[in-house]
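Take a look at the letters that make up each chain.
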Amino acid sequence: MEFAMVGAGAMGLRYGVLLQEAGNDVTFVDTWQPNLDKVHQQGGVYVSRDGQDRHLVPVKLVTPETYQGDPDVVIFFTKQMQLAGFLKRCAHFFNDKQYAFTCMNGMGHVEKLQQYFADDKIIAGTALIATVLNGPGDVDFMGKRGAGKMNMANLTEKPDEMTHRLFDEFKKAQMNPTLTTNFKGTLMTKVIFNSVMNTLCTLFEMQMGEYGNFDKAYDLSRQLIDEAYDVCERAGITLVSTRDEELHALDYNCRVTMPLHYPSMYQDMVHDRPTEVDYINGYIAKLGAKYHYDAKTHVFLTNLVHLSEYHRANL
Ligand code: NAD
């Protein structure tokens, strides 16, 4: 299959390189000039796993304006606040046969994709795969080959032939996909997961394992999960796990699966980039307000993350 990978950061590179290695034709599209320059200068991207086996993988990387292909699927891996800008610059190569796919964190991206793609061409999901961009042209696919997993669902909740082809390519690329028919519930379950773990680990600059081992972690997680689940109940969203299952998943991922990982929100904070908090805790709070529910703790955490961004900007 032919893919355009919009956003050649940590996740774009991981998905793109793995799809390329599984036999697909992948062209990366990016706008960050230091990344473009470095990849062109070194003839590809350096890939490592947990700091080991660093090697150069040749990739095609272009700007939105110089992309000339007609991909079957356009995959988006930008940060939420970058997406509108990328869509505008890439619009010249979109057409009504193409599918849009993404596993971005947070919520807010789907409405933006709907401005360019028909609902029956939008497939989105969630990725439980930790990846770190060490710098321009240098990425660490954390975990062994085959580590991590992902969920995918059609916006229409009706999988078609392309959904199954895409699923097969992700499977060949060892990304462990699960196909679901609960679009909003799948995405929101991950938003809730991130609203606890990403946000708290970022605020306290700690690895997931350290949070998981804190003796009050259960109480902190419970409060945020209860509020978020109350919001989703009012909004009529059926989440894919119960409150207790979500608490268990958080604990397991923190202490067992990714104890040494700093979440992607933390990576943004320490590089003085804006975080996605408005699309995670902020989204839960906004959804709550729509249904006359005050998700106080999510509002508080959103403001705390912005306070930390503000503080860093004034250092
Ligand atoms: P990223 O920041 O690595 O890359 C996104 C874009 O930002 C790319 O265009 C990249 O070139 C650019 N970029 C990277 N560093 C930059 C810098 N210092 N200055 C300016 N531009 C820069 O983002 P990502 O980690 O690939 O995340 C993409 C989406 O996937 C997000 O919604 C994220 O929350 C989600 N996600 C990330 C992970 C992870 O482990 N990284 C896991 C699951 C989901």
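In short, a report on the structure. The structure presented is a predicted model; accordingly, all values stated were derived computationally and were not measured.

### Considering the nonpolar core
- Ranked by internal contacts, the top residues of the largest apolar core, which has 100 residues, are Tyr15, Phe76, Phe101, Phe170 and Met188.
- With ten residues, helix α6 (residues 183–203) is the largest single contributor of residues to this core.
- Leaving out residues up to four positions away in the same chain, Met188 has contacts with Met107, Cys232, Ile237, Leu239, Tyr283, Ile284 and Leu287.

### A few points about the site of the ligand
- Near the ligand, the surroundings consist of 23 residues, among which Met11, Asp30, Lys79, Arg273 and Glu276 are the closest.
- Take Gln82: an N or O atom from its side chain is 3.2 Å from an oxygen atom of the ligand.
- Expressed as a share of its isolated accessible area of 800 Å², the protein-covered part of the ligand is 88%.
- Listed by contribution, the elements that provide at least two residues to the shell around the ligand are α1 (10–21) and β9 (131–135).
- Looking at the shell around the ligand, its residues break down into eleven nonpolar, eight polar and four charged.

### Quick notes on the packing of aromatic side chains
- For the coordinates displayed, the defined rule picks out ten aromatic pairs.
- For the pair Tyr15 and Phe77, a centre-to-centre distance of 4.8 Å together with 45 degrees between the ring planes defines the contact as tilted. You can see Tyr15 sitting in helix α1 and its partner Phe77 sitting in the loop between β6 (73–76) and α3 (83–90), a full 62 residues away along the chain. Accessibility classification places Tyr15 together with Phe77 in one group, the buried group.
- Pairing Phe93 with Phe94 gives two aromatic rings, centres 5.3 Å apart and planes at 80 degrees, and the pair type is edge-to-face.
- Between Arg54 and the ring centre of Tyr46, over which it is positioned, the NZ or CZ distance is 4.1 Å.

### What about the side chain of Lys190?
- Note on placement: Lys190 falls in helix α6.
- Buried within the structure, Lys190 lacks any salt-bridge partner; Glu276 is the closest side chain of opposite charge, at an N-O distance of 8.7 Å.
- Every residue in contact with Lys190, bar those within four places of it in the chain, is listed here: Asn105, Thr126, Ala127 and Leu128.

### Points about the environment of Glu2
- Among the structural elements, Glu2 can be located in strand β1 (residues 2–6).
- For Glu2, the contacting residues outside a window of four places in its chain are Asp25, Tyr67, Gly69, Asp70, Pro71, Asp72 and Val73.

### Focus on empty space enclosed by the protein
- Under the criterion given, the structure shown has one cavity of 30 Å³ or more.
- Space inside the largest cavity adds up to approximately 40 Å³.
- Among the residues forming the lining of the largest cavity, the class breakdown is four nonpolar, two polar and three charged.

### As for the sheet that holds β1
- The eight strands lie next to each other as β5-β2-β1-β6-β7-β8-β11-β12, forming an open sheet whose pairing is mixed. Looking at the sheet topology across the chains shown, the edges are occupied by β5 (60–62) and β12 (177–180). Strand-to-strand, the axes of this sheet are offset by a mean angle of 25 degrees, without reference to chain direction.
- Examined bridge by bridge, strand β8 (residues 122–128) and strand β11 (residues 149–154) share six bridges and lie antiparallel to one another. Opposite Ala124, over in β11, you have Ala153 as the bridge partner.
- Here α1 sits on the sheet in contact with β1, β2 (25–29), β6, β7 (99–102), β8 and β11, set at roughly 160 degrees to β2.

### So, the sheet that holds β9
- The strand order across the open sheet built from four strands is β4-β3-β10-β9, with neighbouring strands paired in mixed fashion. Either end of the sheet is taken by a strand with one partner, and the two such strands are β4 (52–57) and β9. Going from strand to strand, the sheet's axes swing by 25 degrees on average, the running direction of each strand aside.
- Relative to β4, strand β3 (residues 45–49) is paired through four bridges, and the arrangement is antiparallel.

### Here's the deal with the pattern of salt bridges
- Inspection of every chain in the model, using the stated rule, returns 16 salt bridges.
- Notably, a salt bridge pairs Lys60 with Asp25, separated by 2.7 Å at the nearest N-O pair. Within this pair, whereas Lys60 is found in strand β5, its partner Asp25 is found in strand β2, the two being separated by 35 residues in sequence.
- Of the residues examined, Lys60 reaches a relative accessible area of 42% and is grouped as partly exposed.
- Here Asp25 falls in the partly exposed class, since its relative accessible area comes to 34%.

### Observations regarding the environment of Thr199
- With respect to the element layout, Thr199 can be found in helix α6.
- It is 8.1 Å that separates the C-alpha atoms of Thr199 and Asn281, two residues lying 82 residues apart in sequence.
- Those residues in contact with Thr199, other than ones at most four positions away along the chain, are Asn194, Met265, Val277, Asn281, Leu301 and Val305.

Scoring rules and cut-offs
- Residues numbered from 1 in each chain as written.
- Predicted model: local features only at pLDDT ≥ 70, side-chain atom pairs only at ≥ 80, totals over all residues.
- Heavy atoms only, no water.
- Core = buried A, V, L, I, M, F, W, Y, C linked by side-chain atoms within 4.5 Å.
- Buried < 20%, exposed > 50% of the residue type's maximum accessible area, 1.4 Å probe, protein only.
- Helix = DSSP H or I, 4+ residues; strand = E, 2+ residues; numbered from the N terminus.
- Contact = heavy atoms within 4.5 Å.
- Near = heavy atom within 4 Å.
- Polar contact = N/O pair within 3.5 Å; in protein donor to acceptor, adjacent residues only side chain to side chain.
- Areas by Shrake-Rupley, 256 points an atom, 1.4 Å probe, with all protein chains shown as cover.
- Nonpolar A, V, L, I, M, F, W, Y, C, P; charged D, E, K, R; others polar.
- Phe/Tyr/Trp six-rings, centres within 6.5 Å; stacked < 30°, edge-to-face > 60°.
- Lys NZ or Arg CZ within 6 Å of the ring centre and 35° of its normal.
- Lys, Arg positive; Asp, Glu negative; His and termini not counted.
- Salt bridge = Lys/Arg side-chain N within 4 Å of Asp/Glu carboxyl O.
- 1 Å grid on protein atoms, 1.4 Å probe; cavity = no way out; pocket = protein on both sides within 12 Å on 5 of 7 lines; lining within 4 Å.
- Points joined across faces, edges and corners; volume = space filled by probe spheres on them.
- Pairing = 2+ DSSP bridges.
- Axes fitted to C-alpha atoms, helices over the stretch in contact; angles between N-to-C directions.

Structural measurements only, silent on function.
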